[in-house]
There are 2 protein chains.
Amino acid sequence: MSGWLVIAGLGPGDEAQVTPEVTAALSEASDVVGYIPYVRRVADRPGLTRHETDNREELDRARHALEMAAGGGRVVIVSSGDPGVFAMASAVFEAVEAGPQAWRALDIRVLPGITAMLAAAARAGAPLGHDFCVLNLSDNLKPWDLIERRLRLAVEADFAIALYNPRSKARPEGFGRALALLRETCAPDHVLIFARAVSTPDEELRVVRLAEAAPEMADMRTVVLIGSSATRVIPRNGTPLVYTPRSVTV
Amino acid sequence: MSGWLVIAGLGPGDEAQVTPEVTAALSEASDVVGYIPYVRRVADRPGLTRHETDNREELDRARHALEMAAGGGRVVIVSSGDPGVFAMASAVFEAVEAGPQAWRALDIRVLPGITAMLAAAARAGAPLGHDFCVLNLSDNLKPWDLIERRLRLAVEADFAIALYNPRSKARPEGFGRALALLRETCAPDHVLIFARAVSTPDEELRVVRLAEAAPEMADMRTVVLIGSSATRVIPRNGTPLVYTPRSVTV
């Protein structure tokens, strides 16, 4: 009865970006739990049960994993990217806080992963090379007003900004509103990067100026990186390089 | 003459957090370049030249690496954490922009790594599980006023905040001022995490309330994570778990 629960980040898609500690935890697991496409990234083997769940069932999934670990299972919850950035780790700790006291004594470890913005930034150059903000643009779990308020303050502070979940079929409007807000306050040549499915065969990277940016450039597989006013574009053959300088002079 | 330049993230310290693509690049390199303690993390082998430089010489180091790659070298610049987050990638692209046109045609790749805040957050629970900001507290390359302005706006937006380079011997004052600013605007029970040397043998993790936080709790090996107003602490035996819920209700 020495079960444990690991909440592991699989990175953005490429197996060469999965850390050895995550690979080791998966090799010792009795159960893998997660959203269908992430669980399918874990190879089947004897002694491993793969539990695939729908994307909307995060708290149920967390409770199920905690129950299995409490019963002696060696359980890995898999997230894409990093589990602590808009992924499963918070859901697990919500379940722990609301659950039986015994869950607090469980061996629970979070293993970090390469989150989408870091993979996207690496492909583009170094757009997050100075201070930046990270915002989930989905209003499934928070009011849109709060998103807009945070975006305004982030622009006022002249942070670079990474937007997760910018646009989905169920939420087609928000990202257009975010672009409109940026157009009110930033110059037309402010730099945006649309990074889709980075590190997978579907990868697409697009560097545009705010004046040309359109809502359709983003979908649920896209991370949008917004430069600060200092962000630079280096033209060259192919996709330009984008970076934010380390220095700010006044 | 098919040289290349890779800017690679070694993660916070534990070799089990170095991605396989970084390990592969290092195994193919002719030259490794970087700040002394990071270069020393790369094992010596025949055919590899290790170039150790001081921390303050980032632009010189970048130019040197670009020259070697332009001359046919297979060059890896190593950074701790992620190279795009307050590390070497921006310095390299600054050098590219200011350098000879031929450098723009070089094969330059950035390989992401586990940056300190993700490793620290994973150890604590999921304090960055909702929207957050990332700020370099060093005023070596930007005016202190800008840091303070960004910190104020980040608190106004109720972001969780990760502070890099909070305090050094050369800059003992800034973090104390940052704490004073937080005390003006946040409740005394606002949560802070001092995460020092995460994933190394010197690791220390400390969860405190703002009322108890003191400047001496941070040094240059510390990342400070500041919760949002919604951040929760789950008491248990040993270090408590800290997480920021996914939902905001109004």
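The paragraphs below set out a description of the structure included in this document. (Residues numbered from 1 in each chain as written. Chains lettered and ligands numbered in written order. Predicted model: local features only at pLDDT ≥ 70, side-chain atom pairs only at ≥ 80, totals over all residues.)

Residues and elements named next belong to chain A. What the 3 strands build is an open sheet, ordered β6-β13-β12; its pairing is mixed. Edge positions in the sheet fall to β6 (125–126) and β12 (232–234), since each of these pairs with one other strand and no more. Pairing of β12 with strand β13 (residues 241–243) involves 3 bridges; the strand directions are antiparallel. For Ile234, the partnering residue across the bridge sits in β13 and is Leu241. (Pairing = 2+ DSSP bridges. Helix = DSSP H or I, 4+ residues; strand = E, 2+ residues; numbered from the N terminus.)

Our focus in this paragraph is unusual backbone geometry. Residues and elements named next belong to chain B. For Phe86, which is not glycine, the phi torsion reads 50° and is therefore positive. With respect to the element layout, Phe86 can be found in the loop between β4 (74–79) and α4 (88–98). Residue Phe86 is classed as buried on the basis of its C-beta count, with 25 C-beta atoms lying within 10 Å. Positive phi outside glycine occurs at Ser199, with the angle close to 80°. (Buried ≥ 20, exposed ≤ 12 C-beta atoms within 10 Å, placed from the backbone.)

All names here are of chain A. The buried fraction of strand β1 (residues 4–9) amounts to 5 of the 6 residues, a majority that puts the element mostly inside the structure. Relative to strand β5 (residues 107–111), β1 is paired through 5 bridges, and the arrangement is parallel. Of the residues in β5, the one forming a bridge with Ala8 is Leu111. Bridge count for β1 against strand β4 (residues 74–79) is 6 bridges, and the pairing is parallel. Across the sheet, the residue bridging to Leu5 is Val75, located in β4.

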